[in-house]
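Listed here are the chains, written in short residue letters.
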Amino acid sequence: MSESEKGNDPAAGGNKPAANNKDSMRNIILVSLMVCFACSVVVSSAAVFLKPERIANKLLDRNKNILETAGLYNKETDASADVDQLFSQFEVRVVDLEEKRMLSVVEAKDRGIEAATYDQRKASKDPSRSKALGDAEDVASITRRARYSTVYILRDEGEISKLVLPIHGYGLWSTLYGYIALEPDMNTVAGITFYEHGETAGLGGEVDNPDWKSLWHGKEIYRDGRVALDVIKGSVPPETSNPEHKIDGLSGATLTSQGVENIIAYWMGEDGFGPILKDIRG
Ligand SMILES: Cc1cc2nc3c(=O)[nH]c(=O)nc-3n(C[C@H](O)[C@H](O)[C@H](O)COP(=O)(O)O)c2cc1C
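Predicted model, so just to flag it, every value in this text is computed and none were measured. (Residues numbered from 1 in each chain as written. Predicted model: local features only at pLDDT ≥ 70, side-chain atom pairs only at ≥ 80, totals over all residues.)

Comments concerning the overall build of the chain
- Each helix and strand counted, the chain has 8 helices and 12 strands in total.
- Against the compact-globule benchmark of 19 Å for 282 residues, the chain has a radius of gyration of 28 Å, which places it well outside the compact range.
- In terms of overall dimensions, the chain has a C-alpha envelope of 105 × 50 × 45 Å along the principal axes.
- The buried share among the 282 residues of the chain stands at 30%.
- Put simply, of all contacts in the chain between residues at least 6 apart along the chain, 52% involve residues at least 24 apart. (Helix = DSSP H or I, 4+ residues; strand = E, 2+ residues; numbered from the N terminus. Rg over C-alpha atoms; globule rule 2.2 N^0.38 Å. Buried ≥ 20, exposed ≤ 12 C-beta atoms within 10 Å, placed from the backbone. Contact = placed C-beta atoms within 7 Å.)

What about the nonpolar core?
- Membership of the largest hydrophobic core comes to 53 residues, with the highest contact counts inside it found for Val164, Leu165 and Ile264.
- Looking at this core, the elements with two or more residues in it are helix H2 (25–69), strand E1 (91–96), strand E5 (148–156), strand E6 (159–170), strand E7 (175–182), strand E8 (189–196), helix H7 (254–267) and helix H8 (274–281).
- The biggest single contributor to this core is H7, with 6 residues.
- Split by domain, the residues of this core number at least three in each of domain 1 (1–82) and domain 2 (90–281). (Core = buried A, V, L, I, M, F, W, Y, C linked by C-beta atoms within 7 Å. Domains from an automatic or database assignment.)

What about unusual backbone geometry?
- The residue Thr143 is not glycine, and still its phi comes out positive at about 70°.
- You can see Thr143 is positioned in the loop between strand E3 (130–132) and strand E4 (144–146).

Regarding the site of the ligand
- Contacts to the ligand come from Leu172, Trp173, Glu199, Thr200, Leu203, Gly204, Gly252, Ala253, Thr254, Leu255 and Thr256.
- For the shell around the ligand, the residue count by class is 5 nonpolar, 5 polar and 1 charged. (Near = placed C-beta within 6 Å. Nonpolar A, V, L, I, M, F, W, Y, C, P; charged D, E, K, R; others polar.)

Some thoughts on the sheet that holds E6
- Ordered in space as E2-E1-E5-E6-E7-E8, the 6 strands form an open sheet in which the pairing is antiparallel. Bordering the open sheet on either side are strand E2 (101–102) and E8, each of which pairs with just one other strand.
- Two elements, E5 and E6, share 5 bridges in a ladder whose sense is antiparallel. What sits directly across from Tyr152, in E6, is Val164.
- Against the sheet, H2 makes contact with E5, E6, E7 and E8, and its axis sits at roughly 150° relative to E8, the strand it touches most. (Pairing = 2+ DSSP bridges. Axes fitted to C-alpha atoms, helices over the stretch in contact; angles between N-to-C directions.)

With respect to the domain arrangement of the chain
- Domain annotation of the chain identifies domain 1 (1–82) and domain 2 (90–281).
- Of the residues lining the interface, 6 residues belong to domain 1; the matching set on domain 2 comes to 13 residues.
- Residues that form the side of domain 1 that touches domain 2 fall into these classes: 2 nonpolar, 3 polar and 1 charged.

Some details on H7
- Across its 14 residues, H7 extends 20 Å between first and last C-alpha, which sits within 8% of the 20 Å expected from 1.5 Å per residue.
- Of all 14 residues in H7, 10 are buried; the element is thus mostly enclosed.
- Every buried residue belonging to H7 is among Thr256, Ser257, Gly259, Val260, Glu261, Ile263, Ile264, Ala265, Tyr266 and Trp267, and all of these are buried.
- The inward-facing, buried residues of H7 contact E6, E7, strand E10 (226–227) and strand E11 (230–231). (Expected span 1.5 Å × (residues − 1).)

Re the pairing of E1
- As paired elements, E1 and E5 share 6 bridges and run antiparallel to each other. Along E5, the bridge assignment pairs Glu91 with Ile153.
- One ladder, built from 2 bridges, connects E1 with E2; its direction is antiparallel. In the sheet register, Asp96 faces E2, and the bridge partner there is Arg101.
- Between E1 and the antiparallel strand that follows it, E2, lie 4 residues; Lys100 among them carries a positive phi value of about 60°.

Here you go:
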């Protein structure tokens, strides 16, 4: 057998240089790198091509949550409903929580805010678009609050018939994200939804139980101009004073319940939407 026929087969006593061996370390590393590169190209291309779809799905989900809070959609029973068409009933507006007023569509555009796609969550993490909250004002334990928020208005013959507001704050384990819908008096609750949280299923996680959410309908937020909504421990007794301001606490989840009360206190208060609601009422 010639040297070239023997190749690198030790049995055949070959002594071909390692560089020409298919199983050499160099070749293994090279092939691994090529596979990694090919995979990363596939993954990043998929991420780029699917980005518009991801954004559209995120918006669709947001719209469903807003519709559900306003009582116009039910995720369980209206799966085939035309969400875009239902959502088109809403007027999406931007409020400036620093200037404590609703901006006109032109003002919002001038400030570079596209109401339909504005991401308040992202803005709240950006120091140039949010403010840090001191301990005393950070009732909902959110650390920072975005300067601008979007609000969702339903109108009936020109008058506001429902207003949906985004709310968030800390429960026991996590930040809860949701919406609250108000009746035209800007005081009575028309609906509440928590669409994202990390509370324990069966305990704090009951914030998204439809039975508990239904207890909020008709409850009133303000008494004598101050936020008075109270998520109490246990059930609201029939003979209690001011039952219109009281909601049953979640069983075995007093801390999440307290978190929800704090969320309402903050977002309906002076640093949240309170002054804007007062304006609309006025
Ligand atoms: C594993 C585990 C998970 C819990 N998850 C929650 C929760 O999500 N929300 C909550 O308020 N309490 C939760 N708790 C209970 C709290 O620690 C606390 O006991 C409770 O909020 C007190 O409420 P109660 O006075 O109604 O029992 C959890 C407890 C355990 C052991």
